[in-house]
Amino acid sequence: MEIIQIVGFKNSGKTTLASKMIAMLSESGHTVASLKHHGHGGAPIGLENTDSAKHKQAGAVISGVEGEGILQLSAASWDVEQLIAIYQLMGVDVLVMEGFKKEPFPKVVLINREEDFSLLEQVKNIQAVITSLSFDTPVMYPVFKTSKIDEFYEWMKRNFLKS
């Protein structure tokens, strides 16, 4: 399973890029999944005051609920490797991870404001940068302009995916 992360600060366009990448990869015949980090603090909406939350509070290590094709799992804490293992069980070709900045997987970094450049020093394994801004110094990875995002998709098809 190939993994690619999309990282950037809040409102940088991560979800928009992830959605377009997922569509492009799916259309090219790949089985694609997504994993989003809820990095804004607290639990994602929809987990409190539920039966599965009561099960977790009662001591369940993992509490799950399924309905209409949606499986929602909660646990005391999830390790990224555990989450990835779940996706591998599902036979996924490509996992698009949104967030998880500290993880070591190949990353696409979104830069929308001058202060976002600090992200390039905070993360590892940068494969590409997407930005509307100009770089003052040369960088070791491809930089794609947001106005020419199709060039990024073509690069990704040629250089990132193994099949």
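Look a little higher up for the structure.
Fair warning: this is a prediction, and the values are worked out from it, not measured in the lab.

Description of the environment of Phe100
Next, step 1: With respect to the helices and strands, Phe100 occurs in the loop between strand 5 (94-98) and strand 6 (107-111).
Next, step 2: Classification of Phe100 by relative accessible area gives buried; the value is 11%.
Next, step 3: Residues Phe100 and Val123 lie 23 residues apart in sequence; the distance between their C-alpha atoms is 9.8 Å.
Next, step 4: When residues no more than four places from it in sequence are discounted, the contact partners of Phe100 are Gln5, Leu35, Lys36, His37, Val80 and Leu83.

Digging into helix 5 (residues 149-159)
Next, step 1: Taken residue by residue, helix 5 has Ile149, Phe152, Tyr153, Trp155 and Met156 as its buried positions. Projected onto a plane normal to the axis of helix 5, the buried residues spread over an arc of 160° and lie on a single side. Summarising the geometry of helix 5, the exposed residues directed more than 90 degrees from the buried face are Asp150 and Arg158.
Next, step 2: Summarising the contacts, the buried residues of helix 5 are in contact with strand 1 (2-7), helix 1 (14-27), strand 6, strand 7 (126-131) and strand 8 (143-145).

Parameters at a glance
Residues numbered from 1 in each chain as written. Predicted model: local features only at pLDDT ≥ 70, side-chain atom pairs only at ≥ 80, totals over all residues. Heavy atoms only, no water. Helix = DSSP H or I, 4+ residues; strand = E, 2+ residues; numbered from the N terminus. Buried < 20%, exposed > 50% of the residue type's maximum accessible area, 1.4 Å probe, protein only. Contact = heavy atoms within 4.5 Å. Arc of directions from axis to C-beta.

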